Amino acid sequence: MIEQTADIIKQALSLENPDTAIILGSGLNGFATTLERAKSIAYKDIPDFPQSTVSGHKGELIRGFLGNKEILCLNGRFHLYEGHEPSVIAKVIHILKELGVKRLIVTNAAGSLQTTLSPGALMLISDHINFSGKNPLVGANDDNYGPRFPSMNKAYTLKLRQKCKEIAQKLQIELNEGVYLMVLGPNFETSAEVRAFGKLGADAVGMSTVPEVIAAAHCSMEVLGISVITNYAAGLVDNTPSHQETLEEADKASARLTTLLTEFIKEED
Ligand code: HPA
């Protein structure tokens, strides 16, 4: 099934050799518009592919080039709070693997758990805390992809993080680094949860990304993750986050993130 879906995508998008795939988070579609020679297919036209149901998420798979680098872009992601089974996210990652993807870039909108990390900031994800209670690898393990008990110790590839920091410095884009904590959602956190998560060692909280990274690390993909901080998490500064605020702030930061990632991809080996 995975092979067939991958074949259909390959033909529909005339794919050659996409080393890198990128998943765009809420309100972060800007990156997709910078791709050259872009070709796309709607998720609904891909057999056996999930649909994304959240506003701010487009629901299309795009192939495009940045210079001579061919990349695949998932414009719209799948959240567990939409009701997707966690294994569906592993399936999407396995389709990318089947298409030859070696490197996954994940982006998301997230709430800040630290007063020093303000809305508009970009945060390179150094590590995560899976607080969702779900895991995409539950069920029979396919040893062709990876082991039953994979390590998550170095899920966010050090080499890619270092490269990304160098590029941010060169472009004079401020880049923080921190730990992303995933909640299942869809409700925003209580202020007690926000205080607790800060004490647990997390810097940002969101409702995505972790299942994708677990599945990608399991099948030996390199991973780079960046959060756009769209708001202070609930109660951190006497505030109440909203999806509207998330989309507006993500839109404002989108250009900076696009510049950073475009340069990162162009300079990749
Ligand atoms: N909490 C959870 N998810 C989020 C937030 C938040 O404050 N902001 C953007 N995504």
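Note that the structure is a prediction, hence the values are computed from the model and not measured.

Conventions adopted
Residues numbered from 1 in each chain as written. Predicted model: local features only at pLDDT ≥ 70, side-chain atom pairs only at ≥ 80, totals over all residues. Heavy atoms only, no water. Helix = DSSP H or I, 4+ residues; strand = E, 2+ residues; numbered from the N terminus. Rg over C-alpha atoms; globule rule 2.2 N^0.38 Å. Buried < 20%, exposed > 50% of the residue type's maximum accessible area, 1.4 Å probe, protein only. Contact = heavy atoms within 4.5 Å. Areas by Shrake-Rupley, 256 points an atom, 1.4 Å probe, with all protein chains shown as cover. Lys, Arg positive; Asp, Glu negative; His and termini not counted. Charge placed at Lys NZ, Arg CZ, Asp CG, Glu CD. 1 Å grid on protein atoms, 1.4 Å probe; cavity = no way out; pocket = protein on both sides within 12 Å on 5 of 7 lines; lining within 4 Å. Points joined across faces, edges and corners; volume = space filled by probe spheres on them. Nonpolar A, V, L, I, M, F, W, Y, C, P; charged D, E, K, R; others polar. Salt bridge = Lys/Arg side-chain N within 4 Å of Asp/Glu carboxyl O. Near = heavy atom within 4 Å. Polar contact = N/O pair within 3.5 Å; in protein donor to acceptor, adjacent residues only side chain to side chain.

J.: Describe the overall build of the protein chain, with residues and values.
T.: Along the backbone of the protein chain there are 6 helices and 9 strands. The C-alpha atoms of the protein chain give a radius of gyration of 17 Å, which matches the 18 Å a tight globule of 269 residues would have. Dimensions of the protein chain, computed from the C-alpha atoms along their principal axes, are close to 50 × 40 × 35 Å. Buried residues in the protein chain amount to 56% of all 269 residues. Across the protein chain, the fraction of contacts at a sequence separation of at least 24, relative to all contacts at a separation of at least 6, is 83%. Here the protein chain displays about 11,600 Å² of accessible surface, and carbon together with sulfur accounts for 49% of that area. When the 25 basic and 32 acidic side-chain charges of the protein chain are each reduced to a single mean position, those positions are 3 Å apart.

J.: I'd love a proper account of empty space enclosed by the protein, names of residues and values included.
T.: One water molecule sets the probe size; rolling that probe over the atoms shows where empty space is left. With the rule as written, the count across this model stands at 1 cavity of 30 Å³ or more. Approximately 50 Å³ is the volume found for the largest cavity. As for the largest cavity, its lining consists of Ile23, Leu74, Arg77, Phe78, Ile89, Val92, Ile93 and Glu212. Broken down by element, the residue count for the lining of the largest cavity peaks at 3 residues, all from helix H2 (residues 86-98). Partitioning the lining of the largest cavity into residue classes produces 6 nonpolar, no polar and 2 charged.

J.: Account for the pattern of salt bridges, with residues named and values stated.
T.: Inspection of the entire model under this criterion finds 12 salt bridges. Taking the shortest distance from any N to any O, the salt bridge between arginine 77 and glutamate 212 comes out at 2.7 Å. Taken together, the residues arginine 77 in the loop between strand E4 (69-75) and H2 and glutamate 212 in helix H5 (residues 210-218) connect sequence positions 135 residues apart. Given a relative accessible area of 2%, arginine 77 falls into the buried group. Residue classification places glutamate 212 among the buried residues on the basis of a relative accessible area of 4%. Glutamate 177 serves as the salt-bridge partner of lysine 165, at 2.8 Å between the closest nitrogen and oxygen. With lysine 165 in helix H3 (residues 158-171) and glutamate 177 in strand E7 (residues 175-182), this pair connects stretches of sequence that are 12 residues apart. Overall, lysine 165 belongs to the partly exposed group, its relative accessible area being 36%. Judged by its relative accessible area of 34%, glutamate 177 falls in the partly exposed class.

J.: With reference to specific residues and values, describe the site of the ligand.
T.: Neighbouring residues of the ligand: Ala109, Ala110, Gly111, Phe188, Glu189, Val205, Gly206, Met207, Thr230, Asn231 and Thr246. A distance of 3.3 Å is found between a nitrogen atom of the ligand and a backbone nitrogen or oxygen belonging to alanine 109. The side chain of asparagine 231 places a nitrogen or oxygen atom 2.7 Å from a nitrogen atom of the ligand. Protein chains shield 95% of the accessible area of the ligand, which is 260 Å² for the free molecule.

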